[in-house]
Amino acid sequence: MFLTPHTSAALWISTKVTDPVLAFFLGVISHFILDFIPHGDEDIGTHKKTKRGRFIYMMKVATVDFILSVALIYFFVTRQHEYSRPALAGAVIGAWIPDLAWIAIENFKMTSLYWYIVWHGKIHNAFGWRYSPVYGVPFQIIVTLIIVRISL
Ligand SMILES: [Zn+2]
């Protein structure tokens, strides 16, 4: 999934726990639970013919996704006062790290950690059901809005 729905899960966690370490681990777990749901973003960027073209496209998508995530955190902290700030930091890092690790391993060609990329990919494809981003993006927006709603 995009970082934005993962971020929404971190917001929710910060309303439930105060311990940042616990929040971190719950953030990591929430990441894999969300990724487990078929979410229709695997084919993003596949219309680009070259590897470099795809990389640039993905970086643009990631930039928008990152900005939306930060905006979502800002929206949350300016409206919700019943949350733990340390837990929010821990949960956000935990919710983001599974994808940041993946990007880092691939980019820096850390071959000894490729098993992680394979494992992360298996979670994404647990049901072997892929569908178009045309449905995947709205689906992820709805998931994000529902989680944000229950966090406020
Ligand atoms: Zn992921």
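Please read these numbers as outputs of a predicted model, since none were measured by experiment.

Quick look at the overall build of the chain
Tallying secondary structure elements over the chain gives six helices and zero strands in all. Counting from the amino terminus, helix and strand elements in the chain follow one another as α-α-α-α-α-α. At 16 Å, the chain has a C-alpha radius of gyration in line with the 15 Å of a compact globule built from 152 residues. On the principal axes, the C-alpha backbone points of the chain span a range of 45 × 35 × 30 Å. For the chain, buried positions account for 28% of its 152 residues. Sequence separation of at least 24 residues holds for 83% of the intrachain contacts in the chain that already meet a minimum separation of 6.

Quick look at unusual backbone geometry
Most peptide bonds adopt trans geometry, and most residues besides glycine take a negative phi value. A positive phi is found at lysine 109, a non-glycine position, where the angle reads about 50°. Inspection of the secondary structure puts lysine 109 in the loop between α4 (85-107) and α5 (114-124). Given 8 C-beta atoms within a 10 Å radius, lysine 109 is considered exposed.

As for the packing of α4 against α5
For the pair α4 and α5, interaxial distance at closest approach is 9 Å and the crossing angle is 135°. Classified by the interaxial angle, the pair formed by α4 and α5 is oblique. Note on packing geometry: the crossing formed by α4 with α5 is left-handed. Here Pro98, Ala101, Trp102, Ile105 and Glu106 of α4 come into contact with α5, specifically with Tyr114, Tyr116, Ile117 and His120. Split by residue class, the contact of α4 with α5 holds seven nonpolar, one polar and one charged.

Looking at the environment of phenylalanine 2
One can find phenylalanine 2 in the segment before α1 (3-14). Expressed as a C-alpha distance, the spacing of phenylalanine 2 and phenylalanine 108, which sit 106 residues apart in the sequence, is 21 Å.

Side note on the nonpolar core
Ala9, Ala10, Ile13, Ala23, Leu88 and Ala91 are the most contacted members of the largest nonpolar core, which totals 21 residues. Mapped by element, the contributors of at least two residues to this core are α1, α2 (20-36), α3 (51-77), α4 and α6 (133-151). Excluding residues that lie within four positions of it along the chain, alanine 23 makes contacts with Ile13, Ser14, Val17, Ala87, Gly90, Ala91 and Gly94.

Here we look at the environment of lysine 51
Take lysine 51: it is sitting in helix α3. A tally of 8 C-beta atoms within 10 Å means that lysine 51 is categorised as exposed. Taking C-alpha positions, lysine 51 is 37 Å from isoleucine 13, a pair spaced 38 residues apart along the chain.

A few points about the confidence of the model for the chain
If pLDDT is low for a region, its predicted coordinates should not be looked at in detail. Taken residue by residue, the chain gives an average pLDDT of 94. The fraction at 70 or more is 100%. Ranking the elements of the chain by mean pLDDT puts α5 last with 92 and α1 first with 98.

A look at α2
The end-to-end C-alpha separation of α2 is 24 Å, in line with the 24 Å expected for 17 residues at 1.5 Å each. By the burial criterion, the buried members of α2 are Ala23, Phe24, Leu26, Gly27, Ser30, His31, Leu34 and Asp35. For α2, the secondary structure elements touched by its buried residues are α1, α4 and α5.

Basis of the calculations
Residues numbered from 1 in each chain as written. Predicted model: local features only at pLDDT ≥ 70, side-chain atom pairs only at ≥ 80, totals over all residues. Helix = DSSP H or I, 4+ residues; strand = E, 2+ residues; numbered from the N terminus. Rg over C-alpha atoms; globule rule 2.2 N^0.38 Å. Buried ≥ 20, exposed ≤ 12 C-beta atoms within 10 Å, placed from the backbone. Contact = placed C-beta atoms within 7 Å. Axes fitted to C-alpha atoms, helices over the stretch in contact; angles between N-to-C directions. Parallel < 35°, antiparallel > 145°, perpendicular 65-115°, else oblique. Left-handed = near helix turned anticlockwise from the far one by under 90°. Nonpolar A, V, L, I, M, F, W, Y, C, P; charged D, E, K, R; others polar. Core = buried A, V, L, I, M, F, W, Y, C linked by C-beta atoms within 7 Å. pLDDT = per-residue confidence, 0-100. Expected span 1.5 Å × (residues − 1).

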